[in-house]
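# Close look at the chain arrangement
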Amino acid sequence: MEEVDKIIIFSLRTIGCDIEDEIVSLKQFSTELIVSSAVQCIKTILKQDVDLPNTLPGGMSARFRVGTGLANYIQELGYKGEIGYQTFLYSNESEIRKVFMFLVDKLPKDTAEAAEEPLGSSALLQRAIASSVLRQMKSPWISPNLKQDSITWRGKPLMWQREGSCAMCNYRACKLKSPSGSGDLTKKVPKELKSYYSECLPYITNQTTNHKDTAPSILEEIASEISAQMEWENEWNSQGLATRLSEKDYRAKKRQRIQKRLAETLRQDVKRSQEVSSSRSAQNLQQVLDKMASRTSSAKTKGSRFTHTEQLVFAKDEALSQIGTEAEKPHTEEELIKQREEEVLEIKQELESVTSKLDQLDLEVKKFNAGVKQMEEEINTQSRQNSDKEENYKVKKRTLDLLPDAENNIAKVQAIVDSSAQKLVTLANQWEKHRVPLIQQFRELKELNSKKESEAERRLEEIKAYRQKMKEVADDARNKEEMLKHLNAEYTSMKKDEKRSSYTKRMMEIMSSIKKQRDEIEKVLIDTRSIQKEINNLSGKLDRTFTVTDELIFRDAKKDESVKKAYRHLAALHENCEQLMKTVADTGVIMREIRELEDQIENESKNKVLSNLEKITSDYQQMKKENHSMIEKIKHKS
């Protein structure tokens, strides 16, 4: 504690406390010196004048006020220990040491400008923002049209431009392709489409030729979707609601109407093309196709792919030969080649037109099949409605047939009602028999469920308590981390001068003295253990020697009378030795208790109980005198 006291006294002297050179420990501090040092520490920490005197006043009430004010100021600084006026007026060495250690720790440290604190990214960002805002606030206002570009481009001079216009560009939008239906969980997207979206479809940023066109393209896409949605809402509100159909049915009906229009236009186009293409080559091509169809129909699905291609090639050759025989024979070989090429081109064109027509016809067939399915569904709904209406008709017809013989029919109905009532009564009795055990079982299960719920609530409360503890532990860890950062910052900002070296030297001396004391304590413990072991060995040896001697003398005592007397003396000697050993052990215990009492007396003497008691009695007498004098003054005035 001497080193701690030296550090505290050195710190108090550095802030201006008048402490004499002879004082080297807090034990030597007087009450006036304690109060003046504490007041000076509080003024240095708060960096302002405090309504507390540096010296104790003469009156006891004023002294108590000063002590109470000191205690309040120190508690406001964050001191957690017990403190009051008695801490300063009737001081205790350990309590005063704790208070001054707290105050010295709170003293402001001398920070060098060169040493910067290790700050985090958020603190650096806030500092940069604050400096930028402060610089902009200090600068004069300039019109946006008179702002000078601060960036030079390829050595060009600075130019005047409008503020914020350096990143402006033209608005160009292009069509974007984005995944559709993948966000809706109710719709099933095919695997091929998913693989296309994930592997083949480029990103939106890569679909535009220029990177600046990405944002306009996205805005244009969103605007088109919103406009389409608004158009659909307007159409649904104006036309769809009037049809009294659901939104899904209205969409399906609109789709059918559009498909009918397309089919009608396709039919008209086919008729026109048929009227126009009524030439001889078309007829020949039709014959060739008929032959090919007949061959393929006769062959059905037998044969390999090679045979089918061979038949198709032979069929084309036959068609070309047939067309060539029917046409006029040319005179030269070149004309024959040209004519054949022209005929091949015409046949290819006609074949393409025919295949397109076939595709159109396939589409029409699919549409007709869809219409057939829809008509079948409508027929099924109509048949269900007809069956319901037939059932209603049969019921009404039966009731009308019963009207001519109403009395007999009413009596029959009454008998049926009575029998059904009787059945209901019997069923109710049977149900009551089954209901009682079921209700009992339900109550038992309900009670068991309530117990489980209470157990679950209890466990939930425990979980909440554990979570609260976890939060408290996390907060504590966070506070400790912040404290560690603060202490590291203070450590880095401290001056690395001779004071630190002296402190470290003293700490190393303290550590070496503690190490020496520890070594001495270990030596004493080793000596104590060896002595205890030796005592145990000697006591065991003594017991064994006594037992052997006792057996030998007892064996000879039966024969000789003198040996009996020796046996009695041996027993008395053994008893006296045991009493002597017990006395030595009791003496050791008493000496240990004496040492403990001496330590307690020394601790109590450090607390200065007697001196404090004398001070308290003297202060009490002084307060009585002050009160008596005040009473006399009041009587004299009255």
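As the structure is a computational prediction, the values presented were derived from the model and not from experiment.

## Some points on the overall build of the chain
What the chain contains, in helices and strands, is 17 helices and two strands. Across the 638 residues that make up the chain, the buried fraction comes to 15%. Contacts spanning at least 24 positions in sequence make up 55% of the contacts within the chain whose residues lie at least 6 apart. Working note: accessible area of the chain is about 52200 Å², and carbon and sulfur atoms make up 57% of it.

## Details of a negative patch on the surface
A surface patch of like charges, here negative, comprises Glu 593, Glu 596, Glu 598, Asp 599 and Glu 602. Topologically, Glu 593 is positioned in helix H16 (residues 561–606).

## Brief notes about the pattern of salt bridges
Inspection of every chain in the model, using the stated rule, returns 10 salt bridges. The partner of Arg 97 in a salt bridge is Glu 93, and the shortest N-O contact between them spans 2.8 Å. One end of the pair is Arg 97 and the other is Glu 93, both in helix H5 (residues 93–106) and four residues apart, which spans about a single turn. Across the pair Glu 462 and Arg 458 runs a salt bridge, and its minimum N-O distance is 2.6 Å.

## Describing the packing of aromatic side chains
With the rule as written, the count across this model stands at seven aromatic pairs. For the pair Phe 29 and Phe 100, a centre-to-centre distance of 6.1 Å together with 70° between the ring planes defines the contact as edge-to-face. Here Phe 29, found in the loop between helix H1 (2–14) and helix H2 (31–46), pairs with Phe 100, found in helix H5; they are 71 residues apart in sequence, far enough to count as distant. Per residue, the accessibility class of Phe 29 equals that of Phe 100, and both read buried.

## Regarding the packing of H1 against H5
The angle between the axes and the distance between the axes are what describe a pair of packed helices. Their axes nearest at 10 Å, the elements H1 and H5 cross at an angle of 50°. Considering their axes alone, H1 and H5 lie oblique with respect to each other. Considering the relative orientation of H1 and H5, their crossing is left-handed. Taken together, the residues of H5 that come into contact with H1 (itself represented by Val 4, Asp 5, Ile 8, Ser 11 and Leu 12) are Glu 93, Arg 97, Phe 100, Met 101 and Val 104. Across the contact of H1 with H5, the residue classes break down as six nonpolar, one polar and three charged.

## Comments concerning H2
Taking 1.5 Å as the rise per residue, H2 with 16 residues should run 22 Å; its terminal C-alpha atoms sit 23 Å apart, in good agreement. If you check which residues of H2 are buried, you get Thr 31, Leu 33, Ile 34, Val 35, Ser 37, Ala 38, Val 39, Cys 41, Ile 42 and Ile 45.

## Some thoughts on the nonpolar core
Residues Leu 12, Phe 29, Ile 74, Phe 88 and Leu 103 are the most contacted members of the largest nonpolar core, which totals 38 residues. Those elements that provide at least two residues to this core are H1, H2, helix H3 (60–76), helix H4 (85–89) and H5. If sequence neighbours within four positions are ignored, Leu 12 has contacts with Cys 17, Ile 19, Phe 29, Ser 37, Cys 41 and Phe 100.

Procedures and definitions
Residues numbered from 1 in each chain as written. Predicted model: local features only at pLDDT ≥ 70, side-chain atom pairs only at ≥ 80, totals over all residues. Heavy atoms only, no water. Helix = DSSP H or I, 4+ residues; strand = E, 2+ residues; numbered from the N terminus. Buried < 20%, exposed > 50% of the residue type's maximum accessible area, 1.4 Å probe, protein only. Contact = heavy atoms within 4.5 Å. Areas by Shrake-Rupley, 256 points an atom, 1.4 Å probe, with all protein chains shown as cover. Patch = residues over 30% accessible without salt bridge, like charges linked within 9 Å, V, L, I, M, F, W, Y side chains within 5 Å. Salt bridge = Lys/Arg side-chain N within 4 Å of Asp/Glu carboxyl O. Lys, Arg positive; Asp, Glu negative; His and termini not counted. Charge placed at Lys NZ, Arg CZ, Asp CG, Glu CD. Phe/Tyr/Trp six-rings, centres within 6.5 Å; stacked < 30°, edge-to-face > 60°. Axes fitted to C-alpha atoms, helices over the stretch in contact; angles between N-to-C directions. Parallel < 35°, antiparallel > 145°, perpendicular 65-115°, else oblique. Left-handed = near helix turned anticlockwise from the far one by under 90°. Nonpolar A, V, L, I, M, F, W, Y, C, P; charged D, E, K, R; others polar. Expected span 1.5 Å × (residues − 1). Core = buried A, V, L, I, M, F, W, Y, C linked by side-chain atoms within 4.5 Å.

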